[in-house]
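# Remarks on the overall topology
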Amino acid sequence: MNGTSSSFDELKARLAEIHYLGQAKALLDWDERTMMPPGGAEARAEQLATLVRVHHEKLASEELGRLIAEVEPFGEELHYDSDEAALIRVAKRDHEKARRVPVELRGAIARASSIAEHAWREARARSDFEHFLPHLERNVYLKLRYAHCFERDDVYDPLLDDYEPGMKTAEVAQVLSDLKEALVPLVAEVSERTATVDDSVLGRRFPVERQREVVRRMLGALPMPSDSWRLDETTHPFQLSMSPTDVRLTTRYEEHGLASIFAGLHEYGHGLYENGVDPALDGTPLAKPTSLGLHESQSRMWENLIGRSVPFWQGFYGLLTEAFPDELDGGGPEDFCRAVNKVQPSLIRIEADELTYDLHILLRFELERELIGGTLEPRDLPAAWNERVRSYLGIEVPDDAHGVLQDVHWADAAFGYFPTYSLGNLIAAQLWEAVRSALPDLDDQIAAGSFEPLREWLRESVHRHGRKFSAAEVVERATGKPIGVEPYLDYLREKYEALYE
Ligand code: ZN
């Protein structure tokens with residue numbers, strides 16, 4: 001036992017080193033995307049590559065494998081829910097994933113995707129798919145080789161697992177196909193009902209200086225301790241945390257519209273999750289959110305389920321009219337919510353409304369599975385894309401820049417990423433159903449600006465676990481049922497019914 005406990009201490013010390021290297025890398029990433037002058041790019045690429053290499057060497061080292069093997073029998077005797085058992089489980093999984101992929105292949109993927117991203121930017125600017133095609137072909141080929149490094153039921157499984165650990169392709173395909181079946185007719189019905197809704201207010205000019213003030217005051221009124229986060233500006237909003245009490249949020253301000261508010265709320269949801277991880281897990285690989293799907297469930301909850309709801313704007317509309325007395329035209333929170341929830345099929349995913357958004361994801365998920373599975377040739381992708389947009393969204397794609405070339409994910413070789421967006425929507429609604437039954441007067445609390453009970457529920461049921469449990473385990477424990485589509489469909493139907501009856 002003494003031998004085991006000293007091995008366990010040594011394992012924890014090594015895992016802490018790996019963890020802090022990861023946090024240092026996060027700081028370099030954050031700095032690159034918010035603060036760094038362009039002249040820093042070359043040195044930053046070297047700094048990051050060095051950290052990534054050292055991080056990987058430590059994680060894949062035989063020494064770490066030996067320590068994990070030594071403590072594994074001890075872990076099996078512990079309760080599944082204990083921090084130690086979870087630490088051994090997660091460390092073993094991370095270590096094995098790091099070891100299975102040859103260093104040469106990892107390097108090839110990193111280089112190919114960096115060159116592909118460059119080519120993709122040019123291709124998108126000129127709407128020239130042919131220019132991107134050889135890079136896409138190479139990324140598909142390399143990710144296929146990557147997938148073959150792992151045992152799998154489906155060739156897409158190892159790719160999905162990088163973003164949604166423990167989830168199988170078959171499970172995701174089932175829920176997303178259920179979702180599609182219900183969404184296609186629902187989009188047609190609701191977009192017809194909202195066609196005449198006047199959302200012109202969202203096209204007006206809102207001086208950026210006052211938007212900044214609104215976003216700061218709004219996020220400042222939400223329940224994250226003010227000494228644990230900061231807000232900066234960037235081109236593509238994101239959230240990164242150096243630790244649970246060092247959360248970096250970003251948003252983007254444009255002269256027209258109020259997208260900065262919803263981007264700010266989105267990133268706030270991500271940040272609150274990171275902030276809620278149990279401090280006892282600090283310095284271990286457990287001290288982070290467990291999957292992209294669960295992460296996204298938290299951002300979408302704050303952006304959409306809370307941030308596009310009438311109770312939220314009953315609380316915050318005064319802040320908006322105070323900042324923009326002339327820009328808003330005398331409507332109230334209900335009118336504002338009708339405008340920000342208008343449903344209209346459109347070409348660009350990141351500009352899509354809440355209801356049509358998942359259709360953009362579903363077609364990407366289907367197409368990337370076909371690419372990886374070998375049933376769709378990369379050169380046939382634009383035609384397949386356009387056909388699916390027509391069939392799911394009922395619109396014509398005018399050119400590849402507004403179609404297959406719009407997202408960076410495939411240029412980054414990030415196959416397996418897209419479905420986590422829709423999983424996030426499903427999980428958000430399922431958790432929301434549970435929190436509403438736990439807090440029956442939640443709407444009144446939100447309207448009154450009292451977010452602590454909600455924050456406590458989320459922290460207790462979701463945030464504090466970090467990576468101790470998979471997303472599926474967290475959802476099942478918090479809601480009593482596996483991840484499914486019904487709570488999401490109920491939420492959508494009720495929402496649009498109430499707003500536009
Ligand atoms: Zn997000």
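Below is a summary of the structure that appears in this document. (Residues numbered from 1 in each chain as written. Predicted model: local features only at pLDDT ≥ 70, side-chain atom pairs only at ≥ 80, totals over all residues. Heavy atoms only, no water.)

### Thoughts on the packing of helix 8 (residues 169-193) against helix 16 (residues 419-438)
Stated precisely, the cut-off is as follows: For helices, the axis comes from a line fit to the C-alpha atoms of the stretch in contact; other axes are also lines fit to C-alpha atoms, and the angle between any two N-to-C directions lies between 0 and 180 degrees. What counts as a helix is a DSSP run of H or I of at least four residues, what counts as a strand is a run of E of at least two, and both are numbered from the N terminus. Throughout, the term roughly parallel applies to angles under 35 degrees, roughly antiparallel to angles over 145, roughly perpendicular to angles from 65 to 115, and oblique to all others. What makes a crossing left-handed is the near helix being turned counterclockwise from the far one by less than a right angle; a clockwise turn instead makes it right-handed. Only heavy atoms matter for contacts: two residues are in contact if any of them lie within 4.5 Å across the pair. Charged means Asp, Glu, Lys or Arg here, nonpolar means Ala, Val, Leu, Ile, Met, Phe, Trp, Tyr, Cys or Pro, and polar covers whatever is left, Gly included.
At a closest axis distance of 11 Å, the pairing of helix 8 and helix 16 adopts a crossing angle of 65°. As summarised for this structure, helix 8 and helix 16 are arranged roughly perpendicular, according to the angle between their axes. Judged by the sense of rotation from one axis to the other, the crossing of helix 8 with helix 16 is left-handed. Facing Val172, Val175, Leu176 and Leu179 of helix 8, the residues of helix 16 in contact are Pro419, Ser422, Leu423 and Leu426. Class assignment of the residues belonging to the contact of helix 8 with helix 16 gives a composition of seven nonpolar, one polar and no charged.

### Describing the coordination of the zinc ion
For clarity, the cut-off: Note: metal donors comprise N, O and S atoms at 2.8 Å or less from the metal (3.2 Å for Na, K and Ca); water molecules are not included, so apparent gaps in a site are possible. Burial classification: accessible surface area is computed with a 1.4 Å probe over protein chains only, and a residue below 20% of its type maximum counts as buried, one above 50% as exposed, and the rest as partly exposed.
Protein-derived ligands of the zinc ion are His266 (NE2), His270 (NE2) and Glu296 (OE), with the metal-ligand distances lying across 2.1 to 2.3 Å. For the zinc ion, all donor residues lie on one chain, and their spacing in sequence is H-x3-H-x25-E. Within this pair, whereas His266 is found in helix 10 (residues 259-275), its partner Glu296 is found in helix 11 (residues 292-306), the two being separated by 30 residues in sequence. His266 gets classed as buried once you look at its relative accessible area, which sits at 9%. Classification of Glu296 by relative accessible area gives buried; the value is 8%.

### A few points about the sheet that holds strand 2 (residues 239-243)
For the record, the criterion: What makes two strands pair is DSSP finding at least two bridges between them.
Spatially, 1-3-2 is the arrangement adopted by the three strands of the open sheet, whose pairing is mixed. A strand with exactly one partner marks an edge of an open sheet, and here the two such strands are strand 1 (229-233) and strand 2. On average, each strand axis in the sheet is tilted by 20° relative to the strand beside it, whichever way the strands run. As judged from the four bridges shared by strand 2 and strand 3 (residues 246-251), these two strands associate in the antiparallel manner. Considered in strand 3, the bridge of Ser243 is made with Asp246. Sheet strands in contact with helix 9 (residues 208-220) are strand 1 and strand 3, and its direction is about 160° off that of strand 1.

### Structural notes on the side chain of Arg467
How we decide: Polar contact criterion, stated in full: a pair of N or O atoms within 3.5 Å, where within protein one must be able to donate a hydrogen and the other to accept it, and residues adjacent in sequence count only if both atoms are side-chain atoms.
Its location among the elements puts Arg467 in the loop between helix 18 (452-461) and helix 19 (471-479). Using a relative accessible area of 11% as the deciding quantity, one classes Arg467 as buried. Looking at Arg467, its side chain comes within polar contact range of the main-chain oxygen of Pro285, at 3.0 Å. Excluding anything up to four places from it in sequence, Arg467 contacts Val90, Arg93, Asp94, Pro285, Leu286, Lys288, Pro289 and Thr290.

### As for unusual backbone geometry
Here the phi dihedral of Ser127 falls at roughly 50°; this positive angle occurs in a residue that is not glycine. On the secondary structure map, Ser127 appears in the loop between helix 5 (103-126) and helix 6 (129-147).

### Description of the nonpolar core
Soluble, globular proteins show a tendency: their nonpolar side chains are buried together. For clarity, the cut-off: For the purposes of this section, nonpolar cores are sets of buried Ala, Val, Leu, Ile, Met, Phe, Trp, Tyr and Cys residues that join through side-chain atoms within 4.5 Å. Where each domain starts and ends comes from a domain assignment, either automatic or drawn from a database.
Within the largest apolar cluster, 131 residues are counted, with the highest numbers of intra-cluster contacts made by Ile261, Trp302, Phe312, Trp313 and Leu320. The residues that make up this core include at least three from each of domain 1 (2-151) and domain 2 (169-499). When neighbours within four sequence positions are excluded, Ile261 is seen to be in contact with Val214, Val215, Met218, Trp313 and Leu320. Residues Leu15, Ile18, Leu87 and Val90 belong to the second largest nonpolar core, which totals 21 residues.

### Some words on the packing of aromatic side chains
Inclusion rule: Within 6.5 Å between ring centres, the rings of Phe, Tyr and Trp (the latter by its six-membered ring) count as paired, and their orientation is classed by plane angle as stacked under 30 degrees, edge-to-face over 60, tilted in between. As a reminder, the over-ring test applies to NZ of lysine and CZ of arginine, requiring each to be within 6 Å of the ring centre and within 35 degrees of the ring normal.
Under the defined criterion, the tally for this structure stands at 23 aromatic pairs. With 5.4 Å between their ring centres and 85° between their planes, Phe312 and Trp313 make a pair best called edge-to-face. What makes Phe312 buried here is its relative accessible area of 0%. If you follow Lys143 out to its NZ or CZ, it ends over the ring of Tyr146, 5.1 Å from the centre.

### Concerning the packing of helix 9 against helix 12 (residues 310-323)
One can describe the packing of helix 9 onto helix 12 by two numbers: an axis separation of 10 Å at closest approach and a directional angle of 150°. It follows from the interaxial angle that helix 9 and helix 12 lie roughly antiparallel. Our pair here, helix 9 against helix 12, has a crossing hand that is right-handed. For the pair helix 9 and helix 12, contact is made by Arg210, Val214, Arg217 and Met218 and by Phe312, Trp313, Phe316, Leu319, Leu320, Glu322 and Ala323, respectively. Of the residues belonging to the contact of helix 9 with helix 12, the class tally is eight nonpolar, no polar and three charged.

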